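Coordinate inspection notes
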Amino acid sequence: MNVSIGELKQMGREIHRLEQISALLGWDQETYMPVKAIGDRAEQQSLIQGIIHSKITDSGLGKVLNSLGADLESLDVKGDYSDTDRALIRHIARMYKKAVKLPKDLVERTAREESISQARWIDARRNSDFSIFAPHLKIILDLKRETADLLGYDDERYDALLDDYEPWMKTREIVEVFSKFQKELKEFIEKIKSSNTSIDDSFLYRDYDIEKQEAFGKEILNSMGYDFSRGRLDVSAHPFTTSLGYDDTRITTRYKKNNFKTGIFGIIHECGHGLYELGFPDKIRGTLLADGTSMGIHESQSRMWENIIGRSRSFWKTFFPKLKGYFPEALKGVSLDEFHRAVNAVLPSLIRVEADEVTYNMHIIIRFNLERRLLNEKLTVDELPEAWNHEYGTYLGIEPENDSEGVLQDIHWSGGMIGYFPTYTLGNLYAAQFYNTLKKEIPGLEAELEKGNLKIVLDWLREKIHRHGSVYSASDLCRMVTGESVNPGYFMSYLDNKYRHIYDL
Ligand code: CO
């Protein structure tokens, strides 16, 4: 059989197009879909996931991969290929290898249940009643255990699921990285707690008209280089970014009238994801490589923009006067320094997405520990709310008063995304490590940021990260950009440098 890589590209493109259609169904469900359409939507998602599964597991695809030199066991690719072509063959071989292990019926059931479960989660969260969601979480966990066992794993079930979000990474590597800096982080939080500097951030909770927040958010999006002719901004219960095409990457946020940070930092965060998705070059456009290489790398983009850039004094030098123009009342008498300190105030809190960047990783460690125990049947769904509260007491010294600000706050488990959470912390670590290189490679960066020149950052990210899409694995990319593999030391020294000034440590 003599096949060309062109045939593989064509087969891959059809899979990618179907995934985009599924993403459109998901985007609509989260933004504008009428509540009662959930039954229709679940069937539609189930159907399309079944079709995608059939395409990926088609024996014709297996033969094409074989004849192109892919070893479906080791995932090595023999032959004289460019990096990009080799990566594409390997990428599709990896998809194929995983998909053929899963029966179509399981894929369809999972898609249907995830859709329904997500709707029930919204309901449960609104009523702050875990019992509405609990039966669905049980089903999701059963489905995920079944999936993990069919996929197979080296050490524990979690490996099989983590691999969907952070390809090639093993649970034990996460445990190693986390345990390395968990202790340092805890000590750092204590250090801030015992600082004599107290930060007044009360003005962030004054009256911030939502329409004005949106207008200001769009101004920031334009400065960051987000292209509204290839995307849009909407509102959803949980902020997200999704690609519905190569020229269609949409972001969402949620606004709170009495909390300035929620809407705006949500926008900056999602824009970071969006810029990555919109930054894939022609060379990989139209292929499955036009995608983030891992969720950790994806999150490094959003967190770098949200925190390292978006909460820096340099950034607000330009944007704070503009912000004051929108909200003269709320920000009356507030100086740039006071504002900068306020948006960086560190305080253990209950809601992950609103946490400061220091305590944030504790929220992730808690979720990682809990979902691993759930998956390994060391913890039952009925015990989960109590275990959640207990972990918050242990790691952050606070406990939620109800399910909605506790165990029900995140969408992930309802959408079947078990194994996803650690990628957030990996993202923080990658972001600090990338930024360390960026600073060295762009002299005068701070002065440029102070002038509102964000393009200089985007250009660097395009060149070093976005351009490659999924051609290189996260760990290879990290080494290419920074010269070493993921190292939490960069994150800790970033925190140290920044908060030394903010809390006069
Ligand atoms: Co994100």
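Figured I'd write up the structure that's included with this text. Here the residue numbering is sequential within each chain, running from 1 through the sequence in written order. In view of the model being predicted, local features appear only for residues whose pLDDT reaches at least 70, and side-chain atom pairs are presented and counted only at 80 or more, with totals across whole chains, interfaces and linings using the full set of residues. Excluded from the side-chain calculations are hydrogens and water; all other atoms, namely the structure's heavy atoms, are used.

**Quick notes on the coordination of the cobalt ion**
Tetrahedral coordination by four donors places them ideally at 109.5 degrees to one another around the metal; octahedral coordination by six donors ideally gives 90 or 180 degrees. Heads up, the condition is: Note: metal donors comprise N, O and S atoms at 2.8 Å or less from the metal (3.2 Å for Na, K and Ca); water molecules are not included, so apparent gaps in a site are possible. A run of DSSP states H or I qualifies as a helix once it reaches four residues; a run of E qualifies as a strand once it reaches two. Both are numbered from the N-terminal end.
Looking at the metal site, the cobalt ion is ligated by His269 (NE2), His273 (NE2) and Glu299 (OE), spaced 2.1 to 2.2 Å from it. Counting gaps between the donor residues of the cobalt ion yields the pattern H-x3-H-x25-E. In this pair, histidine 269 and histidine 273 are both assigned in helix α10 (residues 260-277), four residues apart and thus about one turn of the helix distant.

**Topic: empty space enclosed by the protein**
As a reminder of what qualifies: Both cavities and pockets are sets of points on a 1 Å grid over the protein atoms alone; in a cavity a 1.4 Å probe fits but cannot get out, in a pocket the set is open with protein on both sides within 12 Å along at least five of seven lines, and lining residues sit with an atom within 4 Å of a point. Grid points are joined across faces, edges and corners, and a volume is the space filled by probe spheres set on the points. When residues are grouped by polarity, Ala, Val, Leu, Ile, Met, Phe, Trp, Tyr, Cys and Pro land in nonpolar, Asp, Glu, Lys and Arg in charged, and all others, Gly among them, in polar.
Enumeration according to the criterion identifies one cavity of 30 Å³ or more in this entry. Reported here for the largest cavity is a volume of approximately 40 Å³. Taken together, Arg303, Asn307, Ile308, Glu357, Asn428, Ala431, Phe491 and Tyr494 make up the lining of the largest cavity. Elements that contribute at least two residues to the lining of the largest cavity include exactly α11 (295-309), α16 (422-441) and α20 (489-502). At three residues, the largest contribution of residues to the lining of the largest cavity is made by α11. Considering only residue class, the lining of the largest cavity consists of four nonpolar, two polar and two charged.

**Let's talk about the environment of leucine 25**
Under the convention used in this document: Any two residues having at least one pair of non-hydrogen atoms within 4.5 Å are treated as being in contact.
Take leucine 25: it is sitting in helix α1 (residues 5-31). Through-space distance from the C-alpha of leucine 25 to that of isoleucine 199 is 44 Å; in sequence the pair is 174 residues apart. Sequence-distant contacts of leucine 25, that is, excluding residues within four places in its chain, are made with Arg41, Gln44, Gln45 and Ile48.

**Here's the deal with the pattern of salt bridges**
Our working rule: Salt bridges are identified by distance alone: a Lys or Arg side-chain nitrogen within 4 Å of an Asp or Glu carboxyl oxygen. Burial status follows relative accessibility: with a 1.4 Å probe on protein chains alone, a residue under 20% of its type maximum counts as buried, one over 50% as exposed, and anything between as partly exposed.
This structure, assessed with the given rule, holds 42 salt bridges. Residue arginine 41 is joined to aspartate 28 by a salt bridge in which the shortest nitrogen-to-oxygen separation is 2.8 Å. Residue arginine 41 is located in helix α2 (residues 38-57), and its partner aspartate 28 is located in helix α1; the two are separated by 13 residues in the primary sequence. Given the relative accessible area of 10%, arginine 41 is considered buried. Here aspartate 247 and arginine 285 are joined by a salt bridge, their closest N and O atoms 2.5 Å apart. Of the two residues, aspartate 247 sits in the loop between β2 (241-245) and β3 (248-253) while arginine 285 sits in the loop between α10 and α11, which places them 38 residues apart along the sequence.

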